[in-house]
Amino acid sequence: LAKTTQPISMDSYEGQEVNITCSHNNIATNDYITWYQQFPSQGPRFIIQGYKTKVTNEVASLFIPADRKSSTLSLPRVSLSDTAVYYCLVASSGGYNKLIFGAGTRLAVHP
Amino acid sequence: NAGVTQTPKFHILKIGQSMTLQCTQDMNHNYMYWYRQDPGMGLKLIYYSVGAGITDKGEVPNGYNVSRSTTEDFPLRLELAAPSQTSVYFCASSYSRGTDTQYFGPGTRLTVL
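Residues numbered from 1 in each chain as written. Chains lettered and ligands numbered in written order. Predicted model: local features only at pLDDT ≥ 70, side-chain atom pairs only at ≥ 80, totals over all residues. Heavy atoms only, no water.

Asker: What's the story with the overall build of chain B in this structure? I'm lost.
Answerer: When helices and strands are counted, chain B shows zero helices and eleven strands. The secondary structure elements of chain B, listed N-terminal to C-terminal, are β-β-β-β-β-β-β-β-β-β-β. The C-alpha radius of gyration of chain B comes to 13 Å, within 12% of the 13 Å expected for a compact globule of 113 residues. Seen along its three principal axes, the alpha-carbon backbone of chain B occupies a region of about 35 × 25 × 25 Å. (Helix = DSSP H or I, 4+ residues; strand = E, 2+ residues; numbered from the N terminus. Rg over C-alpha atoms; globule rule 2.2 N^0.38 Å.)

Dropping the structure here:
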């Protein structure tokens, strides 16, 4: 499984767009990039998943360049409720869904 | 659907005692997982199961045991508890393998003294 690297923490203000970048240099052909969100005292929650180019849902966008060695989670117009830890993971479509969590990025949104 | 439920929410265990953390899902998912999360850290996979009767080790299986007699239930057993097992334990499930979304329970906060 490809190892991921992401910033330990980020700060933002309400209404701003937040971009969290994750590097995964050893990503394999069958691997997908997945992002989870975790609030304090709760289990992680799926946000978005992608293989290449751009994926958008009602919560976020995921940008993946052609070489797939990095990805960027974009949260539009964040609010205080977006304060959480965000995990970037790489999972193989052919594997047993064994997710490897790093330390994640702790996002703090300020008024 | 209740999703993934875990009991208890909190528990204090004495060193050397044993206990079972319960996990149940009502989504008819084949895959189930147990993770532990230490303060300020990411989650580490303890054990996982790909279906009833089939389990396998994750990253940190030592000191734990699991069983999967039904699709719905995936209990985690701690034998001879040690302070190093103080952690928050999360159970999760997914319908299939690979990249399928995992759904997490609310967690069990366990303290071993």
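Structure's up, so let's keep going.
Asker: What exactly am I supposed to notice about the layout of surface pockets here?
Answerer: Over the atoms, a rolling probe the size of a water molecule traces out where space has been left empty. Of the pockets and cavities examined, the largest pocket occupies roughly 520 Å³. Lining the largest pocket are 28 residues, and of these Pro40 and Ser41 of chain A together with Gln37, Val88 and Arg109 of chain B lie nearest its centre. Sorting the residues of the lining of the largest pocket by element identifies strand S8 (84-92) of chain A together with strand S9 (87-94) and strand S11 (108-112) of chain B as the ones contributing at least two each. Of the residues forming the lining of the largest pocket, the biggest block, four residues, is contributed by S11 of chain B. Taken as a whole, the second largest pocket holds about 170 Å³ of empty space. Looking at the lining of the second largest pocket, the elements with two or more residues in it are strand S4 (45-50) of chain A together with strand S10 (103-104) of chain B. When the residues that make up the lining of the second largest pocket are grouped by side-chain class, the tally is five nonpolar, five polar and one charged. (1 Å grid on protein atoms, 1.4 Å probe; cavity = no way out; pocket = protein on both sides within 12 Å on 5 of 7 lines; lining within 4 Å. Points joined across faces, edges and corners; volume = space filled by probe spheres on them. Nonpolar A, V, L, I, M, F, W, Y, C, P; charged D, E, K, R; others polar.)

Asker: I keep staring at the packing of aromatic side chains and nothing clicks. Help me out?
Answerer: Between two aromatic rings, the relevant description is the distance of the centres plus the angle of the planes. Under the criterion given, the structure shown has seven aromatic pairs over all chains. Each ring, one from tyrosine 36 of chain A and one from phenylalanine 46 of chain A, has its centre 5.9 Å from the other, and the planes form 85 degrees; the classification is edge-to-face. Residue tyrosine 36 of chain A is located in strand S3 (residues 31-38), and its partner phenylalanine 46 of chain A is located in strand S4; the two are separated by ten residues in the primary sequence. An aromatic cluster is present here, built from Tyr36 and Phe46 of chain A together with Tyr31, Tyr33, Tyr35 and Phe104 of chain B joined pairwise through their rings. (Phe/Tyr/Trp six-rings, centres within 6.5 Å; stacked < 30°, edge-to-face > 60°.)

Asker: What is the right way to read the interface of chain A and chain B from this model?
Answerer: Often, the extent of an interface is quoted as the loss of accessible area on bringing the components together. Every contact between the two is made by 24 residues of chain A and, on the other side, 25 residues of chain B. In total, about 1,800 Å² of surface goes out of reach between chain A and chain B, with carbon and sulfur atoms giving 51% of it. Connecting chain A to chain B are zero salt bridges. Linking chain A with chain B are three residue pairs in polar contact (both at pLDDT 80 or more). (Contact = heavy atoms within 4.5 Å. Buried area = accessible area lost by both parts, 1.4 Å probe. Salt bridge = Lys/Arg side-chain N within 4 Å of Asp/Glu carboxyl O. Polar contact = N/O pair within 3.5 Å; in protein donor to acceptor, adjacent residues only side chain to side chain.)

Asker: Would you explain the pattern of salt bridges in this entry?
Answerer: Oppositely charged side chains may form a pair once their charged atoms are brought near each other. Residues and elements named next belong to chain B. Under the definition given, this model contains two salt bridges over all chains. In this structure, aspartate 38 engages arginine 36 in a salt bridge whose closest nitrogen and oxygen atoms are separated by 2.8 Å. On the basis of relative accessibility, which here comes to 11%, the residue arginine 36 falls in the buried class. Across the pair glutamate 79 and arginine 77 runs a salt bridge whose closest N-O atoms are separated by 3.2 Å. (Buried < 20%, exposed > 50% of the residue type's maximum accessible area, 1.4 Å probe, protein only.)

Asker: Can you walk me through the state of the cysteines in this structure?
Answerer: Disulfide: a covalent bond formed between the sulfur atoms of two cysteine residues. Residues and elements named next belong to chain B. Per the stated rule, a full pass over the model turns up two disulfides over all chains. Covalent S-S linkage joins cysteine 23 and cysteine 91, the inter-sulfur distance amounting to 1.8 Å. Torsion about the S-S bond of the cysteine 23 and cysteine 91 cystine: about -70 degrees, corresponding to left-handed handedness. Here the residue cysteine 23 occupies a position in strand S3 (residues 19-25), and cysteine 91 occupies one in strand S9, the gap between them amounting to 68 residues. (Disulfide = S-S within 2.5 Å.)

Asker: Even after reading the chapter, I still don't get the sheet that holds strand S2 (residues 18-23) of chain A, so can you show me in this structure?
Answerer: Neighbouring strands of a sheet are bound in pairs by backbone hydrogen bonds; such pairs are parallel or else antiparallel. Residue and element names in this part refer to chain A. Taken together, the four strands give an open sheet; going across it, the order is S2-S7-S6-S5, and neighbouring strands pair in antiparallel fashion. A strand with exactly one partner marks an edge of an open sheet, and here the two such strands are S2 and strand S5 (53-56). Direction aside, the axes of adjacent strands within the sheet are offset by 15 degrees on average. (Pairing = 2+ DSSP bridges. Axes fitted to C-alpha atoms, helices over the stretch in contact; angles between N-to-C directions.)

Asker: What's the story with the side chain of glutamine 6 of chain A in this structure? I'm lost.
Answerer: Residue and element names in this part refer to chain A. With respect to the helices and strands, the residue glutamine 6 is situated in the segment before strand S1 (9-13). Since its relative accessible area comes to 14%, glutamine 6 is described here as buried. Of the polar contacts made by the side chain of glutamine 6, one reaches the backbone oxygen of tyrosine 86; its length is 2.8 Å. When residues no more than four places from it in sequence are discounted, the contact partners of glutamine 6 are Ile20, Thr21, Cys22, Trp35, Tyr86, Tyr87, Cys88, Gly104 and Thr105.

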